[in-house]
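A structural walkthrough
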Amino acid sequence: MTDLPPIYFYLPQKDWLDDMPEQPDVYWEQFGKGIYCWTLQTYLYLKADGFPCNLVGTIPDEGIVIAHRDSFPYELRPTPKVLMVCIKPDRNPHPYAQLQVVQNPQDAKKLKNSYYIPLWRQPGLIPRHPERGDRFENIGYFGISFNLAPELKAASWSKPLEELGLNWEIIPKNRWHDYSNVDAVVAVRNFQKQDYTKKPATKLYNAWHAGVPAILGKESAFQAERKNEFDYFEVGSVDDAINVLKRLKDDSQLSQNCRKNAKYRSQETNPQNTIKQWRIFLTTIATPTYYKWVNAPEWQKQLYKQKCFLNMKIDALKIKLGFASNQNNL
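In this report, we go over the structure that sits alongside the text. Everything quoted here is computed from the prediction, not taken from an experiment.

Reading across from one edge, E2-E1-E3-E4-E5-E6 is the order of the six strands in this open sheet, with parallel pairing throughout. In this open sheet, the two edge strands, each paired with only one partner strand, are strand E2 (54-56) and strand E6 (114-116). Adjacent strand axes in the sheet meet at a mean angle of 25°, parallel and antiparallel pairs treated alike. Relative to strand E5 (residues 99-102), strand E4 (residues 82-88) is paired through four bridges, and the arrangement is parallel.

Written out as structure tokens, the structure is:
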């Protein structure tokens, strides 16, 4: 790694907190925010793995600078010795970043100069307790209530579950890591809208690591991960979801198969595998791109920024005219 340039994870000084953890896989409520789970957590995992990188509160004058989209100022432009790597959640990309990291493989297909790296599973996750055996009683949603389909907040959902002998709970944020008494998870953003090409498959990863069946909406991130019938159950309506839960309750063998499969699939989204993907990206993609940028003539750098500016204006015009843009910078 002697040829690596300086590599920095940038978290603006205003966002530094006194209780920020020094280890990556611990429960910390702020990891529920993108700027921390993508920036701080990635830094901590790589640092613990011996990868040379630093966390900074100001943008340095030289090196590879990685930051969440919400942390990079909109007007920021790359300097002659800085490569900007934007970690792009469900937002528009940064108009001047030379590279983008996305959390959904479908997003990478649409966005130029973007690379897919899965988001980390829930840190400090407590899996379903083995002593629960074949019990199937507690069903939970782990996530922001706003992102849960309205139908799953209504009595027309909770009442049938109660009649099946099932307990339904929207898990509060301070317990997003605790699946110890949960027997299945349900997470559907919208029964009408589908795809969600900018959203990650994190809720599925968490279900696998928790060792519980997952009932999920029709999202591209989940579909990209699916390999067999036990990975998760895709539903398109409240009735579909209720029928799946009834099957899982009545068929203990089906629930067992889902739990066994979850244990197997969780190995693929183990933090060590994600660390490897970050290492590969930083050494084989970001580093060559950095040196190409640094060694490029000044006119080429100015041309790049002019193209970015032009694309930004075109995108703004498309939005004003009511058209969606599918392109990023050149």
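For the rest of this paragraph, the subject is the nonpolar core. One finds Leu152, Trp157, Ile215 and Leu245 to be the most contacted residues of the largest nonpolar core, which totals 46 residues. Here this core takes six residues from helix H6 (residues 238-250), the largest share from any one element. Setting aside residues no more than four positions away along its own chain, Leu245 makes contact with Phe136, Ile139, Trp157, Leu161, Leu166, Ala184, Val186 and Ile215. Of all hydrophobic cores here, the second largest spans 35 residues; its members include Met20, Leu46, Ile66 and Trp278.

A few words now on the state of the cysteines. One pass over the structure, following the stated rule, counts zero disulfides. Free cysteine Cys86: the closest other cysteine sulfur is in Cys308, separated by 12 Å.

As a further point, take H6. Across its 13 residues, H6 extends 18 Å between first and last C-alpha, which sits within 8% of the 18 Å expected from 1.5 Å per residue. Where H6 is concerned, the buried positions are Val238, Ala241, Ile242, Val244, Leu245 and Leu248. Down the axis of H6, the buried side of the element spans an arc of 160°, and every buried residue falls inside it. Turned more than 90 degrees away from the buried face of H6, the exposed residues are Asp239 and Asp250. Where H6 is buried, its residues contact strand E7 (138-142), helix H3 (155-163), strand E9 (184-187), strand E10 (214-216), strand E11 (233-234) and helix H7 (252-266).

Rules used in this analysis
- Residues numbered from 1 in each chain as written.
- Predicted model: local features only at pLDDT ≥ 70, side-chain atom pairs only at ≥ 80, totals over all residues.
- Heavy atoms only, no water.
- Pairing = 2+ DSSP bridges.
- Helix = DSSP H or I, 4+ residues; strand = E, 2+ residues; numbered from the N terminus.
- Axes fitted to C-alpha atoms, helices over the stretch in contact; angles between N-to-C directions.
- Core = buried A, V, L, I, M, F, W, Y, C linked by side-chain atoms within 4.5 Å.
- Buried < 20%, exposed > 50% of the residue type's maximum accessible area, 1.4 Å probe, protein only.
- Contact = heavy atoms within 4.5 Å.
- Disulfide = S-S within 2.5 Å.
- Expected span 1.5 Å × (residues − 1).
- Arc of directions from axis to C-beta.

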